[in-house]
Amino acid sequence: MQVLTQQTKPTLETKNTSQQYPLNIDGIEIQIFDRVEQIEDVWSQYEDGDLMFSVAFLKAIEQYPPIDMDFRYGVFHQNGKVLGVSYYQIRLISLKDSLRTEKTDNSIWGKIKSWLASRLKNYTLISGNALVTGDYGIRFEDTIDDQQVYQLQEAAADIVSNNYHPKKKVRAAFMKDFYQKQRPTDVVLKDSSYSQFSVQPNMVLHLKDEWTNFDDYLSAMKSKYRVRYKRADKKFGDLEKRQLTVEDIEKYNSKIYSLYLSTANQAGFNLFYLHQDYFLGMKRHFPEVFKVYGYFDGEELLAFFTTFDNGDDLEAHFLGYNPERNAAHQLYLNMLYDLVFVSIKNKHKIIHLSRTALEIKSSIGATPIDMFIYLRHYNSLINKYVP
């Protein structure tokens with residue numbers, strides 16, 4: 001939940017006449033919109049140079065949305081002045097489809113979880129952006145502290161949920177990716193209807209200034225990790241790696257998507273599936289800063305990974321690989337090393353590697369940053385047992 005400095009805070013007022021809803025906190029109200037272009041001038045004041053919170057990125061997601069996902073945008077007002085903005089994603093989530101349960105778990109608890117998963121199918125509000133790891137749900141002025149931000153985010157999520165759609169009832173909501181310093185205090189959380197959960201940390205690799213090339217990075221690694229890199233590089237063999245153009249992505253679009261799906265389906269939990277033209281759409285929207293790298297065996301695409309150049313940071317985005325060829329060529333590990341290579345080459349300071357695969361990401365030097373989410377169900381009885 002980045003905040004604006006006093007020098008950059010917006011002074012403009014929104015002129016949109018959409019209904020405002022009181023949040024019952026210090027006279028603050030929220031307006032709700034379904035397209036970012038409706039509040040483009042206001043939203044751009046809060047981008048703070050972060051591509052992943054920009055109007056351009058959110059417009060691109062609107063054009064190539066994850067399957068069955070809707071969007072809402074909030075603008076907070078106090079006495080007619082803008083205080084901040086918020087972002088929401090809403091979709092029908094079937095826990096049975098999203099959760100990969102162990103089919104061999106025949107214990108009583110395993111059967112209970114399977115039974116519950118088969119019956120939980122709800123429209124769910126996500127306060128934040130499920131497509132990226134990080135605090136991309138809300139931005140406020142620096143006059144609003146983190147504790148009040150949490151309270152406002154909770155109240156706003158209820159308003160957005162209750163006013164989503166007359167025939168589509170939002171029954172669950174969660175606020176994603178709070179860093180340690182942004183967590184609500186025990187006093188604030190005690191009065192909250194949300195339950196707190198720790199989730200897999202965001203894995204981040206800080207690149208040192210003295211690493212002017214990839215060999216400098218390798219020299220800084222422990223001996224066993226240098227050996228690991230040499231083994232992975234040897235297994236990569238004669239495969240070709242290259243950055244893909246728009247024309248390449250058009251040619252291999254269906255294969256790219258199938259590789260993405262094969263990898264996504266290995267995850268323990270999925271909130272969504274990307275639009276089939278998502279990667280092509282991102283490349284068309286961001287030809288310079290969105291990059292797709294492919295690994296080829298002749299003309300056969302075996303794997304790909306994508307990145308966003310986000311100022312000094314490199315955002316490791318979605319990837320995909322052929323699981324049957326992964327072990328033979330160490331595809332996933334080679335992708336991680338190539339992320340380091342392109343980051344050093346382009347003089348990035350930090351690589352955001354997102355969640356999952358913590359151990360292998362640690363082996364290339366990434367460190368964890370703890371994150372938390374807050375979840376509630378609007379049925380009070382079910383909410384009691386959410387933890």
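## Some points on the packing of helix α8 (residues 223–236) against helix α13 (residues 331–345)
The N-to-C vectors of α8 and α13 enclose an angle of 115°; their axes lie 9 Å apart at closest approach. Taken as axis vectors, α8 and α13 run roughly perpendicular relative to one another. When you trace α8 past α13, the crossing you get is left-handed. Residues Tyr225, Arg228, Tyr229, Ala232, Asp233 and Phe236 of α8 lie in contact with α13, whose contacting residues are Leu333, Asn334 and Tyr337. Tallied by class, the residues present in the contact of α8 with α13 amount to 6 nonpolar, 1 polar and 2 charged.

## Quick look at the pattern of salt bridges
In total, this model carries 14 salt bridges according to the counting rule given. For Asp209, the salt bridge goes to Lys349, with nearest N and O atoms at 3.3 Å. Placement of the pair is Asp209 in the loop between β9 (195–206) and α7 (214–220) and Lys349 in the loop between α13 and β14 (350–352), with a sequence separation of 140 residues. For Asp209, a relative accessible area of 62% translates into the label exposed. Measuring nitrogen to oxygen at the nearest pair gives 3.0 Å for the salt bridge that ties Lys241 to Asp338. Here the residue Lys241 occupies a position in strand β10 (residues 240–243), and Asp338 occupies one in helix α13, the gap between them amounting to 97 residues. Given a relative accessible area of 40%, Lys241 falls into the partly exposed group.

## Regarding the packing of aromatic side chains
If you walk through the whole model with that rule in mind, you get 30 aromatic pairs. With centroids separated by 5.3 Å and ring planes inclined at 40°, the aromatic side chains of Phe214 and Tyr217 adopt a geometry described as tilted. Placement of the pair is Phe214 and Tyr217 together in helix α7, with a separation of 3 residues, close to one helical turn. You can call Phe214 buried: its relative accessible area is 10%. For the ring pair Tyr295 and Phe305, a centre distance of 6.2 Å and an interplane angle of 70° mean the geometry is edge-to-face.

## Some thoughts on a nonpolar patch on the surface
The grouping of Ile108, Trp109 and Ile112 at the surface amounts to a nonpolar patch, some 360 Å² of accessible area in total. As for its position among the elements, Ile108 is in helix α4 (residues 108–119). Judged by its relative accessible area of 67%, Ile108 is exposed.

## Some thoughts on the side chain of His348
When you line up the elements, His348 lands in the loop between α13 and β14. Ignoring anything within four residues of it in the chain, the contact list for His348 reads Leu207, Asp309, Gly311, Asp312, Asp313, Leu314, Val342 and Ser343.

## Some points on the pairing of β9
Where β9 meets strand β15 (residues 367–377), 8 bridges bridge the pair, whose relative direction is antiparallel. Looking at β15, one finds that Val199 is bridged to Met371.

## Comments concerning α8
Over its 14 residues, α8 runs 20 Å from end to end, which matches the ideal 20 Å to within 8%, given 1.5 Å per residue. Within α8 the residues assigned to the buried category are Tyr229, Ala232 and Phe236. Projected onto a plane normal to the axis of α8, the buried residues spread over an arc of 65° and lie on a single side. Structural note: α8 exposes Lys224, Lys230 and Lys234 on the side pointing more than 90 degrees away from its buried face. Buried residues along α8 sit against α7, β10, β11 (290–297), α12 (323–329) and α13.

## Quick notes on helix α11 (residues 278–285)
Burial analysis of α11 places 6 of its 8 residues in the buried class, which makes it a mostly covered element. Residues Tyr278, Phe279, Leu280, Gly281, Met282 and Lys283 constitute the buried set of α11.

## Structural notes on the packing of helix α2 (residues 55–63) against α11
Packing of α2 against α11 brings their axes to within 10 Å, and their N-to-C directions diverge by 145°. The chirality of how α2 crosses α11 is right-handed. The segment α2 lies against α11, with Phe57, Ala60, Ile61 and Gln63 engaging Tyr278, Met282 and His285. Across the contact of α2 with α11, the residue classes tally to 5 nonpolar, 2 polar and no charged.

## Digging into unusual backbone geometry
Positive phi values are uncommon outside glycine, yet Asp48 reaches one of about 55°. Tracing the sequence through the fold places Asp48 in the loop between α1 (40–44) and α2. Phi is positive for Asp177, which is not a glycine, with a value near 65°. Examined against the element boundaries, Asp177 turns out to sit in strand β8 (residues 170–179). By relative accessible area, Asp177 is classed as buried at 1%.

## Description of the confidence of the model for the protein chain
With 90% of its residues at a pLDDT of 70 or more, the protein chain shows a mean pLDDT of 90. This model gives residues 1–14 a pLDDT under 50, and the stretch forms 45 contacts once residues within four places in sequence are excluded.

## Looking at the environment of Lys222
By the element assignment, Lys222 lies in the loop between α7 and α8. Judged by its relative accessible area of 60%, Lys222 falls in the exposed class. Lys222 sits 143 residues away from Gly365 along the chain, and the two C-alpha atoms are 9.7 Å apart.

## Structural notes on the side chain of Ser195
As for its placement among the helices and strands, Ser195 is situated in strand β9. Among the residues examined, Ser195 registers a relative accessible area of 15% and is labelled buried. Setting aside residues up to four positions removed in sequence, Ser195 forms contacts with Ile373, Tyr374, Leu375, Val386 and Pro387.

What counts, and at which threshold
Residues numbered from 1 in each chain as written. Predicted model: local features only at pLDDT ≥ 70, side-chain atom pairs only at ≥ 80, totals over all residues. Heavy atoms only, no water. Axes fitted to C-alpha atoms, helices over the stretch in contact; angles between N-to-C directions. Helix = DSSP H or I, 4+ residues; strand = E, 2+ residues; numbered from the N terminus. Parallel < 35°, antiparallel > 145°, perpendicular 65-115°, else oblique. Left-handed = near helix turned anticlockwise from the far one by under 90°. Contact = heavy atoms within 4.5 Å. Nonpolar A, V, L, I, M, F, W, Y, C, P; charged D, E, K, R; others polar. Salt bridge = Lys/Arg side-chain N within 4 Å of Asp/Glu carboxyl O. Buried < 20%, exposed > 50% of the residue type's maximum accessible area, 1.4 Å probe, protein only. Phe/Tyr/Trp six-rings, centres within 6.5 Å; stacked < 30°, edge-to-face > 60°. Patch = residues over 30% accessible without salt bridge, like charges linked within 9 Å, V, L, I, M, F, W, Y side chains within 5 Å. Areas by Shrake-Rupley, 256 points an atom, 1.4 Å probe, with all protein chains shown as cover. Pairing = 2+ DSSP bridges. Expected span 1.5 Å × (residues − 1). Arc of directions from axis to C-beta. pLDDT = per-residue confidence, 0-100.

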